[in-house]
Every structure is written in C-alpha cells, then in structure tokens.
Amino acid sequence: IVFATDDISNWISIGTASQPFTGYFDGDGYAIKGLTKSLFNYNNGTVKNIALKNAVVTDSATIILNNRGILSNCYSSSEISFSSKEKMSVGGLVSKNYGTISNCFYNGKINSTTTYAYESYTGGIAGSNDGGTISSCYNLAIITTNKSMDGIAGEINNATMKNNYYYEFFALGYHFTQNGGVKATVDQLKKKDFFVGFDFDSEWQIDETLEYPAPTLKVMKSAFEVIPENTTEFAGGNGSLSSHYLT
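This text gives an overview of the structure that appears in the document.

What counts and what doesn't
- Residue numbers restart at each chain and count upward from 1, following the sequence in its written direction.
- For this predicted model, a pLDDT threshold of at least 70 governs which residues receive local features, and a threshold of 80 or more governs which side-chain atom pairs are given and counted, while totals over whole chains, interfaces and linings are taken from all residues.
- Side-chain measures here rest on the full set of heavy atoms in the structure, leaving out hydrogens and waters.
- Helix numbers and strand numbers start at the N terminus; a helix is a DSSP run of H or I with at least 4 residues, a strand a run of E with at least 2.
- For each residue, the accessible area found with a 1.4 Å probe, counting protein chains only, is set against the maximum for its type, and the residue is called buried under 20%, exposed over 50%, and partly exposed in between.
- The contact rule is simple, with two residues in contact once any of their heavy atoms fall within 4.5 Å.
- The method behind every accessible area is Shrake-Rupley, applied with a 1.4 Å probe, and residues are considered shielded solely by the protein chains displayed.
- By convention, a stacked pair of Phe, Tyr or Trp rings (six-membered ring in the case of Trp) has centres within 6.5 Å and planes under 30 degrees apart, an edge-to-face pair has planes over 60 apart, and any other such pair is tilted.
- Two thresholds decide whether a charge sits over a ring: the Lys NZ or Arg CZ must be within 6 Å of the ring centre and within 35 degrees of the ring normal.
- Following DSSP output, two strands are said to pair if at least two bridges run between them.
- For helices, the fitted axis covers only the stretch in contact; all axes are lines through C-alpha atoms, and the angles between them, taken along N-to-C directions, range from 0 to 180 degrees.
- Residue types Ala, Val, Leu, Ile, Met, Phe, Trp, Tyr and Cys, when buried and joined through side-chain atoms within 4.5 Å, form a set referred to as a nonpolar core.

### Quick word on the overall build of the protein
Then step 1. Per the secondary structure count, the protein includes two helices and 24 strands.
Then step 2. Relative to its full complement of 247 residues, the protein shows a buried share of 52%.
Then step 3. By sequence separation, contacts in the protein at least 24 residues apart represent 65% of the contacts at least 6 residues apart.
Then step 4. Just so you have it, the protein exposes about 10900 Å², and 46% of that area is on carbon and sulfur atoms.

Here it is as structure tokens:
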C-alpha cells in the first residue's frame, strides 16, 4: 500500500480515547509506505502482520500511539522526527504500551526533543511500558534525543520484558536507562542461536550467509534491508566484521 500525498495529509490515526480500535487488523505481511502519521491512535484490539516503510513520521510512534491491545509480527523502518513542549514518550513502534508487543522489530531512526523541564523517554520499541509486556522483539535503530533513552523501552513500570535485543551502537543521546534488553554486536546479530526466545520454527527466519543478517518475520512478503542506513552517523565503516561502524 502506497499512500498518495492527499491521503497522507488527511490521515486520521485509527481509534480515539473514547472509541478505541477493538477489532482485528491483519496486514497479511504487506507494507504501508509513505504514511507520515501513526497508523493507530488508541488500540484495544489486535494489530498484526503489517510493516511501515519509507516515511518520516511526525508522531511519537510509527504504528500505535496508545496500545492496550496486542501488536504482533510487525516491523517498521520509517523514521521518527518528533518535538514537543511537554513530557514525551517516543517509541519506534508504540508510544505508550499497556498491552502486549511480541515478535516485532524496528529499523528506522528516531530524533526526539522536548523543552519539558523534567524527565521524558524514548525507546527503540516503545517509549514507555506501563504494566504491559514486550517480548521477542529487537531494535536496530539509531536514537538521538535530549532526554532518557533505551534500546527497547525508555520507561518501564510494573511491566514484563523478556527476550528483547538491541544493536549496541543505537544511542546518540543524553542518558541511557539500560532497561529491558540485551545489547547485540554485529557479529551476534548474525547468529540464530543468540536470539533466545525467538520462535524460528513458525515466526522468524534468518540467513546467516548474508552480509548483514538479522532475524526477519516469515509472514512478510517484501524484502527487508536489515542493517539501517546509518553509516553517515558514524566515523566510517559499513558495519561488516572488517569495517565496523565505530572506529
């Protein structure tokens, strides 16, 4: 699905606080390209098997802003450029998670800033995980922010975090909270056995012979560029074993 300019400018994210989405959205492995706003606002239902690509999103997440339902088997490589004067909760896939996120990954870029005097959070998968669950997810994105950040969830309150991973050089920002994930090197991203808890029988796949392998979702119909195009953010290198991003 490719959104035209008129569609993008008129897009209203699905669900409201008083009438959240409570249905079943199955993208069947297809990708939505060019959407510059979050696909969902309030989700109390199930969202699965969808990818978001080829856009710079100005919301605080690419797929769901407020999740009290289920997000599974999804990924996004769209970038986020978000600024605020209030407390922010910015996540690659979900802004505020109270529900369940599983078998998902993010491979975009995040640039988040706020003039809010107190704490705010940015995470590779979710900005905050408040009583929810994030499991079997990974983040390859580069995050730049003037507030606290984490590879998976920026803020965690009474939540479950299990079998999540993030690229070791994800952070270009203020303060690393070190919540809810395992740091992964380029070498480790190549190895199926590194991703403990990932179901490679039915959900995930990996080709360890590729130059830049990492797990992808079997349900997705389009090819996915695994390592983010962030080489200009670093002091040379292309991310290979012989030419690391950071030197």
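### A closer look at the environment of Lys96
Then step 1. Locating Lys96 in the fold gives a position in strand 9 (residues 94-97).
Then step 2. We classify Lys96 as partly exposed; its relative accessible area is 36%.
Then step 3. C-alpha separation for the pair Lys96 and Leu65, spaced 31 residues apart in sequence, amounts to 6.1 Å.
Then step 4. Those residues in contact with Lys96 that sit more than four places away from it in its chain are Leu65, Asn66, Asn67, Ser89 and Ser128.

### What about the packing of aromatic side chains?
Then step 1. Under the criterion given, the structure shown has 16 aromatic pairs.
Then step 2. A ring pair is formed by Tyr165 and Phe194, whose centres lie 5.2 Å apart and whose planes are at 55 degrees; its orientation type is tilted. Here the residue Tyr165 occupies a position in strand 20 (residues 165-167), and Phe194 occupies one in the loop between helix 2 (186-189) and strand 23 (204-205), the gap between them amounting to 29 residues.
Then step 3. Residue Tyr165 is classed as buried on the basis of its relative accessible area, which comes to 4%.
Then step 4. Linked through ring pairs, Tyr75, Phe105, Tyr138, Tyr165, Phe194, Phe195, Phe198, Phe200 and Trp204 together constitute an aromatic cluster.
Then step 5. Directly above the ring of Tyr98 sits Arg68, whose terminal nitrogen or CZ lies 4.0 Å from the centroid.

### Some points on unusual backbone geometry
Then step 1. Its identity as a non-glycine residue notwithstanding, Asn49 has a phi of 60 degrees, on the positive side.
Then step 2. Locating Asn49 in the fold gives a position in strand 3 (residues 46-53).
Then step 3. In this structure, Asn54 is a non-glycine residue whose phi angle is positive, near 55 degrees.
Then step 4. Here Asn54 shows up in the loop between strand 3 and strand 4 (56-57).
Then step 5. Overall, the relative accessible area of 54% leaves Asn54 in the exposed class.

### Considerations on the sheet that holds strand 4
Two pairing modes exist for strands in a sheet, parallel and antiparallel, and in both the strands are linked by backbone hydrogen bonds.
Then step 1. Pairing is parallel across the open sheet formed by four strands, whose spatial order is 4-7-11-16. In this open sheet, the two edge strands, each paired with only one partner strand, are strand 4 and strand 16 (142-145).
Then step 2. Here strand 7 (residues 79-84) runs beside strand 11 (residues 109-114); their pairing, made up of five bridges, is parallel. Of the residues in strand 11, the one forming a bridge with Ser83 is Thr113.

### A few points about the sheet that holds strand 18 (residues 153-157)
Then step 1. A sheet is described by the order of its strands in space; here five strands give the open sequence 2-5-9-13-18, paired in parallel fashion. Edge positions in the open sheet fall to strand 2 (40-43) and strand 18, since each of these has one partner strand only. For this sheet, the mean angle separating the axes of adjacent strands, direction not counted, is 10 degrees.
Then step 2. As paired strands, strand 13 (residues 126-130) and strand 18 are joined by four bridges and run parallel to one another. Its bridge partner being in strand 18, Asp130 is matched across the sheet by Asn157.

### Structural notes on the nonpolar core
Across soluble globular proteins, nonpolar side chains show a tendency to be buried alongside one another.
Then step 1. Core analysis: the largest hydrophobic core is formed by 34 residues, its most contacted members being Leu71, Leu93, Ile101, Ile125 and Ile134.
Then step 2. Elements supplying a minimum of two residues to this core: strand 3, strand 6 (70-76), strand 7 and strand 10 (100-106).
Then step 3. Non-local contacts of Leu71, meaning those with residues more than four positions away in its chain, are made with Val47, Ile63, Ile64, Leu93, Val94, Thr100, Ile101, Ser102 and Cys104.
Then step 4. Of all hydrophobic cores here, the second largest spans 19 residues; its members include Ala51, Tyr75, Tyr165 and Leu189.

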